[in-house]
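# Summary of the model geometry
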Amino acid sequence: MRELFKQCNACKGCELYRSRTNLVFGVGNEKADIIFVGEAPGEQEDLLAEPFVGRSGKFLDEMLREIGLTREDIYIANIIKCRPPQNRDPKPSEQDACIHWLEKQIEIIDPKVIVCLGRIPATRFIDKDFKVTKQHGELIQKNGRIYMGTFHPAAILRNMNNKILMQGDLAKLKEIKL
Ligand code: SF4
């Protein structure tokens, strides 16, 4: 993984490397059974070089604690490794340019479960027309792994009514035999 990080840190595969502060490669247990996949780094992530820090990160930690997991038990990474300016959505061309880094991380870790946080990772890994509001929490067997799409923590912080739905989705992870 260290070698992959070095290569990724030198990547100029799209324009985003120009405006980032730090590469946000991914953190956690490199032998984890579960990977959580987000979309792209935000301001705090860009400054600290770590995915899911700040309010969204604290909320995700709380959700993990409820199912008996900590960050040391899982791996977390984004599809996009450099922050898009003003936190805009990553363009499809940027996703296409960057996703191979995440795919290599997944190859190395070889997890049993991939949890997609929010629409963009779910459309890349589960179904190109994935609708979070309709398909969240579905467990999908594909290529020898189990995939699940759920809400992005930032979306829950904007609408706490959906917190209970995300709690229900993540509770299903406890039922999977890992
Ligand atoms: S966002 Fe990804 S593809 Fe673009 S420069 Fe950064 S690491 Fe390379």
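Scroll up to find the structure this text is about.
Below: a short report on this structure. Predicted model, so just to flag it, every value in this text is computed and none were measured.

## Some details on the pairing of strand S3 (residues 75-78)
- A two-sided burial pattern is seen for S3, the buried positions comprising Tyr75 and Ala77 on one face and Ile76 and Asn78 on the other.
- Bridging between strand S2 (residues 34-38) and S3 involves four bridges; their strand directions are parallel. In the strand pairing of S3, Ile35 is matched with Tyr75.

## Overview of the pairing of strand S6 (residues 145-150)
- By the criterion of burial, S6 is predominantly enclosed, with six of the six residues buried.
- The alternating pattern of S6 places Arg145, Tyr147 and Gly149 and Ile146, Met148 and Thr150 on opposite faces, both of which are buried.
- Bridge count between strand S4 (residues 113-117) and S6: five bridges; the pairing is parallel. If you follow Ile114 over to S6, its bridge partner there is Tyr147.

## Focus on empty space enclosed by the protein
- One pass over the full model with this rule turns up one cavity of 30 Å³ or more.
- Roughly 110 Å³ of internal volume is contained in the largest cavity.
- In terms of lining, the largest cavity is formed by 14 residues, of which the most central are Cys11, Cys14, Lys81, Cys82 and Cys98.
- Partitioned by chemical class, the residues of the lining of the largest cavity number eleven nonpolar, one polar and two charged.

## A short note on helix H3 (residues 54-66)
- Here H3 is 13 residues long and its end C-alpha atoms lie 19 Å apart, about the 18 Å a rise of 1.5 Å per residue gives.
- On its buried face, H3 sits against S2, S3, S4, helix H7 (153-158) and helix H8 (163-175).

## Examining the sheet that holds S2
- The sheet built from six strands is open, its strands ordered S1-S3-S2-S4-S6-S5 with mixed pairing. Where the open sheet ends on each side, the last strands, each with one partner, are strand S1 (27-28) and strand S5 (140-142).
- Against the sheet, H8 contacts S2, S4 and S6, and its axis sits at roughly 170 degrees relative to S6.

## A short note on the pattern of salt bridges
- One pass over the full model with this rule turns up ten salt bridges.
- Here Glu3 ties to Lys6 by a salt bridge, and the two come within 3.9 Å at their closest N and O atoms. With Glu3 and Lys6 both in helix H1 (residues 2-9) and three residues apart, the pair spans about one turn of that helix.
- When salt bridges that share partners are traced, they join Glu50, Asp61 and Arg71 into one network.

## Quick look at the layout of surface pockets
- Of the voids in this model, the largest pocket is the one considered here, and its volume is about 660 Å³.
- For the lining of the largest pocket, the secondary-structure elements that each account for two or more residues are helix H2 (43-48), H3, helix H6 (132-135) and H7.
- With four residues, the single largest contributor to the lining of the largest pocket is H7.
- Residues that form the lining of the largest pocket fall into these classes: twelve nonpolar, nine polar and nine charged.

## Concerning unusual backbone geometry
- The phi torsion at Phe52 lies on the positive side, around 55 degrees, for a residue other than glycine.
- Locating Phe52 in the fold gives a position in the loop between H2 and H3.
- Judged by relative accessible area, which is 5%, Phe52 ranks as buried.
- At Gln86, a position not held by glycine, the phi torsion is positive, near 55 degrees.

Rules of the game
Throughout, a residue's number is its position along its own chain's written sequence, starting from 1. A pLDDT threshold of at least 70 governs which residues receive local features in this predicted model, and a stricter bar of 80 or more applies before side-chain atom pairs are shown or counted, although totals over entire chains, interfaces and linings include all residues. Excluded from the side-chain calculations are hydrogens and water; all other atoms, namely the structure's heavy atoms, are used. The buried label applies to any residue whose accessible area, calculated with a 1.4 Å probe on protein chains only, is under 20% of its type's maximum; exposed applies above 50%, and partly exposed to all values in between. Labels follow the DSSP assignment, with helices taken as runs of H or I lasting at least four residues and strands as runs of E lasting at least two, numbered in each case from the N terminus. DSSP bridges decide pairing: two strands pair if at least two such bridges lie between them. Using only the protein atoms, space was sampled on a 1 Å grid; points where a 1.4 Å probe fits but cannot get out form cavities, open sets with protein on both sides within 12 Å along at least five of seven lines form pockets, and lining residues are those with an atom within 4 Å of a point. Grid points are joined across faces, edges and corners, and a volume is the space filled by probe spheres set on the points. Throughout, the ten residues Ala, Val, Leu, Ile, Met, Phe, Trp, Tyr, Cys and Pro are labelled nonpolar, Asp, Glu, Lys and Arg are labelled charged, and all others, Gly among them, are labelled polar. The span you would expect from a helix comes to 1.5 Å times its residue count less one. The contact criterion used is simple: two residues touch if any of their non-hydrogen atoms lie within 4.5 Å. Working convention: axes come from line fits to C-alpha atoms, limited for helices to the stretch in contact. Angles between N-to-C directions cover 0 to 180 degrees. When a carboxyl oxygen of Asp or Glu is within 4 Å of a side-chain nitrogen of Lys or Arg, the pair counts as a salt bridge.

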